[in-house]
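One-letter residues, chain by chain:
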Amino acid sequence: MWRMRCGHLGLLGLLALPSTLVHANTSGADRSRADDTTFYVSGFAGQLTENVHHEVLLTPWDVEFLDSFLLGAAVGVERPSPWAQVDLGAELQLVKWTGNQHHWELNAIPIIGRYRFDGRAGPLRSLAFGVGFSYASAIPTEEVIRDGESNRFLIYWKAEAEFGPPDAAVSPFIKLHHRSNAFGLIEEEAGSNTVAVGLRRRF
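Structural notes, computed from the coordinates. None of these values were measured; they are calculated from a predicted model.

## Quick word on the nonpolar core
Part 1 of the argument: Membership of the largest hydrophobic core is limited to nine residues, which are F44, L48, L66, L70, A74, V95, W97, F173 and A196.
Part 2 of the argument: Listed by contribution, the elements that provide at least two residues to this core are β1 (38-49), β2 (65-80) and β3 (86-99).
Part 3 of the argument: When residues of this core are assigned to their parent elements, the largest contribution, three residues, is made by β2.
Part 4 of the argument: When near neighbours in sequence (up to four residues on either side) are disregarded, L66 contacts Q47, L48, T49, E50 and E142.
Part 5 of the argument: Formed by seven residues, the second largest nonpolar core is a distinct cluster that contains V56, F65, W157 and L176.

## Concerning unusual backbone geometry
Part 1 of the argument: Even without being a glycine, Q85 presents a positive backbone phi close to 70 degrees.
Part 2 of the argument: Assignment of secondary structure puts Q85 in the loop between β2 and β3.
Part 3 of the argument: For Q85, a relative accessible area of 19% gives the class buried.
Part 4 of the argument: With a phi angle near 50 degrees, D118 is a residue other than glycine that sits in the positive phi range.

Rules and cut-offs
- Residues numbered from 1 in each chain as written.
- Predicted model: local features only at pLDDT ≥ 70, side-chain atom pairs only at ≥ 80, totals over all residues.
- Heavy atoms only, no water.
- Core = buried A, V, L, I, M, F, W, Y, C linked by side-chain atoms within 4.5 Å.
- Buried < 20%, exposed > 50% of the residue type's maximum accessible area, 1.4 Å probe, protein only.
- Helix = DSSP H or I, 4+ residues; strand = E, 2+ residues; numbered from the N terminus.
- Contact = heavy atoms within 4.5 Å.

So this is what it looks like as structure tokens:
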């Protein structure tokens, strides 16, 4: 059983300070009107794992991290859906890898569903899942080392937990950043899983 190298997640501690400041600015996240459209920008950092996605999600204490890191920025839009507490949105990400791989990554996510807890789940603000496409400027080295092959173009999905008050404009989040071979449709064996943390600013 792998043991989680907790030292590599020290950057999670950086989220404690922003979470104390989110009460100060609430102008960007007013949900009082059903026709609200919200735009946002995000910054995030993460570390590649050796694990498959269900291991990261279900047994995070057993995650084994690799020496590859990402820095990313995203812009997105979301608006209320016909279903209560559910928002629908889209996002575009630009990612730079460092460590054992040095390529750029562009991720387009045309479909994101976000369930808002509206203050009923303590510090947990929302859960989100989005699916789209991922393009790497070079075939990722770590994907080839792990699977023996890969592709610049793969499916992308993210699973995210967001924290903070429901009306705060700034909120921290943690997510699984996943490149997928779509069950063998693109490559027989390919893909990667990264744990990332970040901050989002809504307008």
